[in-house]
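Listed below, chain by chain, are the residues.
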Amino acid sequence: VAIILGYYPNWGIFLFLPLAVIISALTAVGAGLYLSALNVRYRDVRYILPFFIQILLFLTPIIYPLAIVSERNKFIMALNPMSSVIESIRFTLTPDYPFSIGLFLISILSSIIIFIIGLRYFNKTQSFFADII
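Bear in mind the structure is a predicted one, so any value in this text is a computation, not a measurement.

What about the overall build of the protein?
Per the secondary structure count, the protein includes 7 helices and 0 strands. By principal-axis analysis of the C-alpha atoms, the protein measures approximately 55 × 30 × 30 Å. Counting the 133 residues in the protein, one finds 29% classified as buried. Taking the intrachain contacts of the protein between residues at least 6 apart in sequence as the baseline, contacts between residues at least 24 apart amount to 73%. With an accessible surface of roughly 8800 Å², the protein has 74% of that area assigned to carbon and sulfur atoms. Each charge class in the protein can be summarised by its mean position, and for the 8 positive and 5 negative side chains these summaries are 9 Å apart.

Comments concerning the side chain of Thr60
Within the secondary structure, Thr60 is located in the loop between α3 (45-59) and α4 (71-78). Sequence-distant contacts of Thr60, that is, excluding residues within four places in its chain, are made with Asn80, Met82, Ser83 and Ile86.

A few points about α4
Where α4 is concerned, the buried positions are Lys74, Met77 and Ala78. Along α4, the residues classed as buried sweep out an arc of 100° about the axis, all on the same side. Here the buried face of α4 lies against α3, α5 (81-93) and α6 (101-125).

Focus: the pattern of salt bridges
If the charged atoms of two oppositely charged side chains come close together, the side chains can form a pair. Summed over all chains, the structure comprises 2 salt bridges. Notably, a salt bridge pairs Glu87 with Arg90, separated by 2.9 Å at the nearest N-O pair. Here Arg90 and Glu87 lie together in helix α5, a separation of 3 residues that amounts to about one turn. Accessibility assignment for this pair places Glu87 and Arg90 in one class, buried.

A short note on the nonpolar core
By size, the foremost hydrophobic cluster in this structure holds 8 residues: Leu33, Ala37, Leu38, Val40, Val45, Tyr121, Phe122 and Phe129. Counting only elements with at least two residues in this core, the list comes to α2 (13-41) and α6. It is α2 that provides the largest number of residues to this core, a total of 4 residues. The contact partners of Ala37, leaving out residues within four places of it in the chain, are Tyr121, Phe122, Thr125 and Phe129. If you look at the next biggest cluster of nonpolar residues, it comprises 7 residues, including Ala20, Ile23, Val85 and Tyr97.

With respect to the confidence of the model for the protein
In this model, the protein carries a mean pLDDT of 87, and residues with pLDDT of at least 70 account for 97%. Taken element by element, the predicted model of the protein shows its lowest mean pLDDT in helix α7 (residues 129-132) (70) and its highest in α6 (93).

Considering the environment of Leu59
Summarising the element assignment, Leu59 is placed in helix α3. A relative accessible area of 44% means that Leu59 is categorised as partly exposed. Sequence separation between Leu59 and Leu33 is 26 residues; the distance between their C-alpha atoms is 22 Å. Each residue touching Leu59, except ones within four places of it in the same chain, is listed here: Tyr64, Met77 and Asn80.

So, the side chain of Thr27
Tracing the chain through its elements places Thr27 in helix α2. By relative accessible area, Thr27 is classed as buried at 10%. For Thr27, the contacting residues outside a window of four places in its chain are Pro81, Ser111 and Ile114.

Thresholds, definitions, all that
Residues numbered from 1 in each chain as written. Predicted model: local features only at pLDDT ≥ 70, side-chain atom pairs only at ≥ 80, totals over all residues. Heavy atoms only, no water. Helix = DSSP H or I, 4+ residues; strand = E, 2+ residues; numbered from the N terminus. Buried < 20%, exposed > 50% of the residue type's maximum accessible area, 1.4 Å probe, protein only. Contact = heavy atoms within 4.5 Å. Areas by Shrake-Rupley, 256 points an atom, 1.4 Å probe, with all protein chains shown as cover. Lys, Arg positive; Asp, Glu negative; His and termini not counted. Charge placed at Lys NZ, Arg CZ, Asp CG, Glu CD. Arc of directions from axis to C-beta. Salt bridge = Lys/Arg side-chain N within 4 Å of Asp/Glu carboxyl O. Core = buried A, V, L, I, M, F, W, Y, C linked by side-chain atoms within 4.5 Å. pLDDT = per-residue confidence, 0-100.

Below you can see the structure in the form of C-alpha cells.
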C-alpha cells in the first residue's frame, strides 16, 4: 500500500523490519504469558486489561512522532518496546526522519526483559493452574 501511495522504503527496511517483527513478537509473547498466568490467579485481570491497553495506546507514539517528545521523556518512552517498532517503521518510510539507535537498543533490552519476566512468572505458576481452574 505504501508503494502504491508513493512512499518508497529506504535501505533500513531490510534491517529494521525484521528487528521490529522480532521485538513485537518477544513483547507480545512475554506480556501474554505474564497476563495469562496472572488472569488464572486473579480473575479480575480480564476486566482491567482493556483499560491497560488503552493507556498503552497513548504511551506509544502512534498518533504523534517521538520527535516532539522532550529528550528526558524519550528515554522513558523507549522503555516501551513498541515505540521503537513504530519509530523504525517511520524511519524506513519517511525520508530524513530522525532515528536514535540508542533508544532502539533500550527498547530491544526492554523487550527481552518483558519476555524473560513473562516466561519466568508463567513457568513458576503453571503448576498451580489445574488446582485453580
